[in-house]
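# Close look at the chain arrangement
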Amino acid sequence: MTSPLPPVYETNRLMPQRGFWDLAVGERFPLPSRTLGDGNFAAFQAVSLDNHPIHYDAEYCRALGHPGPLAHGLQVLCFTAAGAGTFPHVVGECLVGMIEVRARILKSAYPGDTLYPCLEISELKPQRTTGVVTMRATVDNQRGARVLDGEHVYLLKL
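The structure displayed is predicted, hence computed values, not measured ones.

What follows concerns the overall build of the chain. When its secondary structure is counted, the chain shows five helices and six strands. Seen in sequence order, the chain has helices and strands lined up from the N terminus as α-β-β-α-α-α-α-β-β-β-β. The C-alpha extent of the chain, read off along each of the three principal axes, is 60 × 30 × 25 Å. The burial tally for the chain puts 40% of its 158 residues in the buried class. For the chain, restricting intrachain contacts to residue pairs at least 6 apart in sequence, the fraction spanning at least 24 positions comes to 70%. Surface accessibility of the chain: about 8,800 Å² in total, with carbon and sulfur atoms responsible for 56%. One way to put it: in the chain the 14 positive side-chain charges average out to a point 5 Å from where the 15 negative ones average out.

Structure follows, in structure tokens:
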């Protein structure tokens, strides 16, 4: 496959590029773990403008029986961003983009929890000129409990 990018990108590529036909169902792309801290909550609040006290007021949360603020579900979903891992580097210029995302929040995540996100190819569907890659997106906490279960769907050039 000839790259449309300048040669410097080829010589500095993190890994060899693979196309749609080189991917396999069951292939896993673990993402970096993250321990939730005040910075994560503050950054998400700044981006989302969500100001509900369930996410930012420890005393409010304790009064409701929670050990601390709850991480916003979208905040946990953000940790499954494929760009944090190797998948976009593996498919390189074949990647057209994400076309769909779904998620179920299964358990609460709190400050101090360490989250372990992972993407795993669950379906490969070739089309005429493109291929659809469906990936199961999961996030587990440090106790092995599943916090989020969902799917990402990506479109790749064949």
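We are not done yet, so read on.
Turning to the packing of aromatic side chains, a few remarks are in order. Inspection of every chain in the model, using the stated rule, returns three aromatic pairs. Plain terms: the ring middles of F20 and W21 are 5.2 Å apart, the flat faces sit at 85 degrees to each other, and that makes the pair edge-to-face. Exposure remark for F20: the relative accessible area of 3% places this residue in the buried category.

Our focus in this paragraph is the environment of G37. The topology assignment puts G37 in the loop between β2 (34-35) and α2 (38-48). Look at G37 and you get partly exposed, because its relative accessible area is 22%. Between the C-alpha atom of G37 and that of G112, which follows or precedes it by 75 residues, the distance is 6.1 Å.

In this structure the tally under the stated criterion is eight salt bridges. One salt bridge connects E151 with R102, and the closest N-O pair in it is separated by 1.9 Å. Taken as a pair, E151 in strand β6 (residues 146-157) and R102 in strand β3 (residues 95-105) lie far apart in primary sequence, 49 residues in all. Put simply, D113 and R143 hold a salt bridge, and the shortest N to O gap is 3.8 Å. Here R143 lies in the loop between β5 (130-141) and β6 and D113 lies in the loop between β3 and β4 (114-126), a separation of 30 residues in the sequence.

With that settled, the discussion passes to unusual backbone geometry. The phi angle at L49 is positive, at roughly 65 degrees, despite the residue not being glycine. Tracing the backbone shows L49 in the loop between α2 and α3 (58-63). Residue class for L49 comes out exposed when judged on its relative accessible area of 70%.

Now for a nonpolar patch on the surface. Taken together, the side chains of L5, V8 and Y9 define a hydrophobic patch exposed on the protein surface, amounting to about 280 Å² of accessible area. Assignment of secondary structure puts Y9 in helix α1 (residues 7-11).

Take the nonpolar core next. Of all hydrophobic cores here, the largest spans 16 residues; its most connected members are L23, F87, V133, M135 and L156. Leave out the neighbours within four places in its chain, and L23 touches R18, F87, V90, V91, I121, L124, V133 and L156.

For β6, a buried count of nine out of 12 residues is recorded, marking the element as mostly surrounded by other parts of the structure. In this structure, β3 lies alongside β6, joined through nine bridges in antiparallel fashion. In the strand pairing of β6, L95 is matched with L156. Taken together, the 11 bridges between β5 and β6 define a ladder with antiparallel strand orientation. Its bridge partner lying in β6, V139 is registered against L148. Hairpin connection, β5 to β6: the antiparallel pair is bridged by four residues, and G144 has positive phi, about 85 degrees.

What counts and what doesn't
Residues numbered from 1 in each chain as written. Predicted model: local features only at pLDDT ≥ 70, side-chain atom pairs only at ≥ 80, totals over all residues. Heavy atoms only, no water. Helix = DSSP H or I, 4+ residues; strand = E, 2+ residues; numbered from the N terminus. Buried < 20%, exposed > 50% of the residue type's maximum accessible area, 1.4 Å probe, protein only. Contact = heavy atoms within 4.5 Å. Areas by Shrake-Rupley, 256 points an atom, 1.4 Å probe, with all protein chains shown as cover. Lys, Arg positive; Asp, Glu negative; His and termini not counted. Charge placed at Lys NZ, Arg CZ, Asp CG, Glu CD. Phe/Tyr/Trp six-rings, centres within 6.5 Å; stacked < 30°, edge-to-face > 60°. Salt bridge = Lys/Arg side-chain N within 4 Å of Asp/Glu carboxyl O. Patch = residues over 30% accessible without salt bridge, like charges linked within 9 Å, V, L, I, M, F, W, Y side chains within 5 Å. Core = buried A, V, L, I, M, F, W, Y, C linked by side-chain atoms within 4.5 Å. Pairing = 2+ DSSP bridges.

Everything listed here is a matter of geometry and, on its own, says nothing about what the molecule does.
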